[in-house]
Amino acid sequence: MIILYSLTDSLIAKDVLEKAFNNRIKNENLNFSLNVFKESYSRLSDSLLKSIDDKGIVKISVINPSVNDFLKSNLRSNTIEQIKIIKYSLYVEQIIKISKSDSTLTHVKEMVLNKDILQKSVLKNSIHYYYVKLAYDLKIYSEKIISTIQKCFERMYENLNYSEREAYGKLLLSIINDKFVVYYDLLPILKNGEKIAFIVEPLSFEQLEIFLASLTERNYFSKEIIREISNTLRLEIKNKISIQAKLDTDDVLEKIVASEVDGYSEEEIENYKNGNISNIEDGVWDEIQGEMHDKIQKLIENVKEYVEISIEEFDLDFAESDFDIESAINAYFSESEVYDYDWYQDNSKTDFETIKEIFER
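Described below are features of the structure shown in this document. Within every chain, residues take consecutive numbers counted from 1 along the sequence as written. Note on the predicted model: pLDDT of at least 70 is required for a residue's local features to be given, and 80 or more for side-chain atom pairs to be given and counted; whole-chain, interface and lining totals, by contrast, use all residues. Note that the side-chain values use all heavy atoms of the structure and ignore hydrogens as well as water.

1. Examining the packing of helix α2 (residues 14–25) against helix α3 (residues 36–44)
In this analysis an axis means a line fitted to C-alpha atoms, helices contributing only their contacting stretch, and an angle means the value between N-to-C directions, from 0 to 180 degrees. Comment: elements are numbered from the N terminus, with helices defined as DSSP H or I runs of at least four residues and strands as E runs of at least two. The interhelical angle for the contact between α2 and α3, taken along N-to-C directions, is 120 degrees, at an axis separation of 10 Å. The pairing of α2 with α3 is recorded here as oblique in orientation. The crossing of α2 and α3 is right-handed. Residues K14, L17, E18, F21, N22 and I25 of α2 touch α3, and the partners they reach there are V36, F37, S40 and Y41. Polar here means any residue outside two lists: the nonpolar Ala, Val, Leu, Ile, Met, Phe, Trp, Tyr, Cys and Pro, and the charged Asp, Glu, Lys and Arg; Gly therefore counts as polar. By residue class, the composition of the contact of α2 with α3 is six nonpolar, two polar and two charged. Oblique is the label for every angle not falling under 35 degrees (roughly parallel), over 145 degrees (roughly antiparallel), or within 65 to 115 degrees (roughly perpendicular). Crossing handedness: left-handed means the near helix sits turned counterclockwise from the far one by under a right angle, and right-handed means the same turn made clockwise. Residues are treated as being in contact if the distance between any of their heavy atoms lies within 4.5 Å.

2. A look at the sheet that holds strand β2 (residues 49–54)
Only strands joined by at least two bridges in the DSSP assignment are considered to pair. The strand order across the open sheet built from three strands is β1-β3-β2, with neighbouring strands paired in antiparallel fashion. Looking at the sheet topology across the chains shown, the edges are occupied by β1 (12–13) and β2. Bridge count for β2 against strand β3 (residues 57–62) is six bridges, and the pairing is antiparallel. Directly across from D53, in β3, lies its bridge partner V58.

3. So, unusual backbone geometry
Backbone geometry at N125 places phi at a positive 60 degrees, although glycine is not the residue there. Counting through the fold element by element, N125 comes out in the loop between α7 (102–113) and α8 (127–137). For N159, which is not glycine, the phi torsion reads 55 degrees and is therefore positive. Looking at the secondary structure, you find N159 in the loop between α9 (146–154) and α10 (165–176).

4. Some points on the packing of aromatic side chains
Ring pairs are drawn from Phe, Tyr and Trp, using the six-membered ring of Trp, whenever the two centres fall within 6.5 Å, and their geometry is named by plane angle: stacked under 30 degrees, edge-to-face over 60, tilted for the rest. Across all of its chains, the model carries 14 aromatic pairs by this definition. The interplanar angle of 65 degrees and the centroid separation of 6.0 Å between the aromatic rings of Y141 and F180 together place this pair among those described as edge-to-face. Of this pair, Y141 sits in the loop between α8 and α9 while F180 sits in helix α11 (residues 180–183); the two residues are 39 residues apart in sequence, bridging distant segments of the chain. Exposed residues in this analysis have more than 50% of their type's maximum accessible area, buried residues have under 20%, and partly exposed residues fall in between, with area computed by a 1.4 Å probe over protein chains only. On the accessibility criterion, Y141 (28% relative accessible area) is partly exposed. By relative accessible area, F180 is classed as buried at 0%. A centroid spacing of 5.4 Å and a plane angle of 15 degrees characterise the contact between Y157 and F198, whose relative ring orientation is stacked. Remark: F198 occurs in helix α13 (residues 193–200) and Y157 occurs in the loop between α9 and α10; sequence separation between them is 41 residues. For F198, a relative accessible area of 43% translates into the label partly exposed. Each member of the aromatic cluster is reached from another via a ring pair, and the members are Y136, Y141, F180, Y183 and Y184. Criterion for a charge above a ring: Arg CZ or Lys NZ at most 6 Å from the ring centre, at most 35 degrees from the ring normal. The side chain of K238 reaches across the aromatic face of F314, ending 5.7 Å from its centre. In this structure, K246 packs its charged tip against the face of F323, placed 5.4 Å from the ring centre.

Written as structure tokens, this is what we have:
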């Protein structure tokens, strides 16, 4: 159970759990003629464990969140067990989850310094990302790992899980604004156009903007070098502007649809609902293009200190496929119909009664 807790608070693939379990019992002098994992899993199934089939992959979790609470509470007061989990862990994520006490953190620091961490497997991201993160979070400064930190820093982006991009960006920005970047001599890596393109690729536009501003404000490089770096990243910056403008426009798509549809007659709206040719979608797309144009222009303005980009370089027609205009319009009509029927048909009903009827339908 402790091995499961060290891996996840939710679901984990059964084969991952089995590998982590077997890696632990190798050091417990158990009889390997027996399938200890199979026996343990069978005994605990339905009482403390549950399993599901996720597209052909068997995944396991505790049967109730309170089981995790119990395990966490017991583990918190058992430093010896914490160190055992860390020492005999298969995955670096186990180390990160369990390392909370001073004793365990001291043990992990030693694993970073002697580079044992690099021998661990990972469930997501890359071991290079975790090595740099642990060194930074634990405030480790040692000449013996300078070259290792540099190599790992260059490769932090590899196999980065999409959901971890925000955390990756925060780590990179923290490093840039800390003595860590100078102590481990990471600035030459950032000055290398080919390397920096990969390093900043996972960043959002906002994070990239802060990244460039930090390099400038902390006087790491001259403005000329910042310009050279930015020009190297020109295509990357353009792509991030396009993505950010699309996301920002998508956030106001509902308002765009409402504003456009309200300008059409009831007859035109009925024709659209009946599948007849209508200008409504074209009108909405025109509004989207206008919104995107304004947002792109604003984003260009934000980075003009670093790189020159023109609005003419963006092909807005190409972005039409990024917006599901038909669904947005139909969703607006559906919401309007529910609102009209449920809230105005019977004014004698209270709001609570109306909501209750909608859910009971």
